Amino acid sequence: MMVTAASSFPSFCFVSRLLKQKHVDLKFLVLLPNFVITRRSLCSTPSATCFPRFPNPTSVVPRLLPAVSPSSISHCQIIHSWKIKSGNYGDLGFFGDRLVVAYAKFGRLDYALNLFEEIPHKDLVSWNSMISVFSQRGSLRDNLDILRRMRSEAGLVPNVVTLISVLPACAAAQALDAGEFIHGYAVKLGFWSETKVVNSLINMYGKCGSVHAACRLFQAMPSKTLVSWNTMVMIHAQNGFVEGAIDLFNSMRRASIKPDRVTVVALLQSCADLAAERTAKAIHGCIMTSGFNSDVAITTALIIAYAKSGKLDVSHDVFHELKTPDMIAWTAMLAGYATHGHGKEAITIFNLMIKEGLKPDHVTFTHVLSACSHSGLVSEGKKYFEAMSNVYGVEPRVDHYSCMVDLLGRSGLLEEACELIQSMPINPNAAVWGALLGACRIHNNIELGKEVAERLFEIDPLDPRNYIILSNMYSAAGLWTDASRVRALMKDKGLKKSPACSFIEHGNKIHRFVVDDCSHPESEKIHARLEELIEKICQIGFVPKTELVLHDVDEEVKEGMINKHSEKLAIAFGLLVKSEGMPIMITNNLRICGDCHSAAKFMSLIEKCVIVIRDSKRFHHFADGFCSCGDYW
Ligand code: ZN
Ligand code: ZN
């Protein structure tokens, strides 16, 4: 839309320029001569075609505002100047509130704030509009300030809308104190049982990490809506309480609440994190019956969940059911092949995607390069690294360099990896050096490892993983003094290794194990089965890698410690409960240790079963005494 003015009048551009200046007094426009909004200029934009030549501002504004597209801040300015020219600027009311929100939506918070201050008689709606604007921008301090002014200047009492507008800002800022203050306020105002307020409070507590408080509120809710259930599922998933999220989903179904798209995607993400294949299957069934099967976002979440649960073939089938997979779906499939170490298949998917006319982006290339890295495809990796900028115009980012360093390093080309780091046009970050340190560990290059670790201690002094890798390298080489020096350094900084944890799904439940875990109800049986297993594998040549135990203690004690790692307990439990011919699926939160890796190979041989372990890096498929990673991970 454009506004033309008679030749002696200032042009709209002039007005626009004025408006663009930060603290321009918008009332100034009242002093300008009349603007003429011509039919021709109005007709030049689709949103304006329906307006008569001289529209009545009050009748048109409410119709025009929702039609303004995000690129048209100038539309707002025109409407604004229009209102000024109508002569009743003092009566901003509803018009002003809508325009405040519209200005903020187009990124002009300064205009929104100026206009808000100009509204003479701000009612509750005006204050709430400004609060919602600040909430969307996550500016909690401004929000609380507006809330204070609302009470002190205008003497207004917040309503439900005010509270549900402030709470997301508390959640975004993870400000539990402020959130609790609003909670107290809600109770004082008598809104403690308002469903919308409670839903917002649950979300706030969940985002601030206080899941217990959220649960208490949820349980006390007189009427739980779908939003309440979804919020609970989401906050459990986001805080890592995946079993809780799955339990909630089951309770939701028992309560005959039909899950929607939000529940399904949140839950599938949880299944993916825990490799909960059975639950993913149940949700899959639910997707089929609820008619969600044509939803690309849900199908993509399903592809990821199956791939991460080790069911790559099912992922593949789900992917093929998509009529027109989008870029995200293709990339999800590619990532699935990459983490399972099927480099060649990942490259095939990439080529098919290009054939379909889709343009790969930096995420696609991260997966292509990591696929090459996990499968040791050095020349292919180099080829795609070259092609990404030369052919596809995607400049390599630090992630791509880290994949390349990983690829070269794993393959033993440590020198080439160092040269690549030196040639980087951007500063190498901890991920790049971390990849090189991992390679030094695999190839037992202590000299280089020491240098790289020193760099990492400078860049990221608080990451315990680097200290652990270096200390493990020293221990494995029998350099106990050096190992304990690194451990002491780590202790001085107050750093702790996060405890290793293994998960296995059985009977619609996720069973969790930590090292030497005796908390499982079947604990005695599990430990007995594990002892029997260790004895059997030792008879056919398994030697515990006691050098991986960091304490300088007796061999027998070391063996005892390493034999009760969480992965081994999970395998023993898996063997106790698994049905004939079914693989054992385990997820580990950290990188699998060398001893468990070796034990799993022997166990797959004597028990004649497939054991799949997903660690923080990739999938390991153990069968007939071998692992799909080829012992490089
Ligand atoms: Zn282990
Ligand atoms: Zn492996």
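Bear in mind the structure is a predicted one, so any value in this text is a computation, not a measurement. (Residues numbered from 1 in each chain as written. Chains lettered and ligands numbered in written order. Predicted model: local features only at pLDDT ≥ 70, side-chain atom pairs only at ≥ 80, totals over all residues. Heavy atoms only, no water.)

## What about the coordination of the zinc ion (ligand 2)?
Donor atoms from the polypeptide that bind the zinc ion (ligand 2) are His597 (NE2), His620 (ND1), Cys627 (SG) and Cys629 (SG), placed at 2.0 to 2.2 Å. Viewed at the metal, the 4 donor atoms of the zinc ion (ligand 2) are separated by angles of 102 to 116°, and the geometry they form is tetrahedral. Coordination of the zinc ion (ligand 2) draws on donor residues from a single chain, spaced H-x22-H-x6-C-x1-C in sequence. Note that His597 is positioned in helix H32 (residues 594–606) and His620 in strand S5 (residues 619–623), a separation of 23 residues in sequence. The two residues His597 and His620 agree in class, both being buried. (Donors = N, O, S within 2.8 Å, 3.2 Å for Na, K, Ca; no water. Tetrahedral: all angles 85-135°; square planar, octahedral: opposite > 155°, others 65-115°. Helix = DSSP H or I, 4+ residues; strand = E, 2+ residues; numbered from the N terminus. Buried < 20%, exposed > 50% of the residue type's maximum accessible area, 1.4 Å probe, protein only.)

## As for the side chain of Thr231
Mapped onto the elements, Thr231 comes out in helix H13 (residues 226–238). Residue Thr231 is classed as buried on the basis of its relative accessible area, which comes to 9%. At 2.5 Å, the side chain of Thr231 and the backbone oxygen of Val227 are in polar contact. Once you skip the residues sitting within four places of it in the chain, Thr231 turns out to touch Asn199, Ile202 and Asn203. (Polar contact = N/O pair within 3.5 Å; in protein donor to acceptor, adjacent residues only side chain to side chain. Contact = heavy atoms within 4.5 Å.)

## Some remarks on the packing of aromatic side chains
A full pass over the atoms with the stated rule returns 11 aromatic pairs. Between Phe181 and Tyr185, the ring centres sit 5.9 Å apart and the planes meet at 10°, which makes this aromatic pair stacked. One end of the pair is Phe181 and the other is Tyr185, both in helix H10 (residues 176–188) and 4 residues apart, which spans about a single turn. Using a relative accessible area of 44% as the deciding quantity, one classes Phe181 as partly exposed. Lying across the ring of Phe218, Lys224 places its NZ or CZ 5.1 Å from the centre. (Phe/Tyr/Trp six-rings, centres within 6.5 Å; stacked < 30°, edge-to-face > 60°. Lys NZ or Arg CZ within 6 Å of the ring centre and 35° of its normal.)

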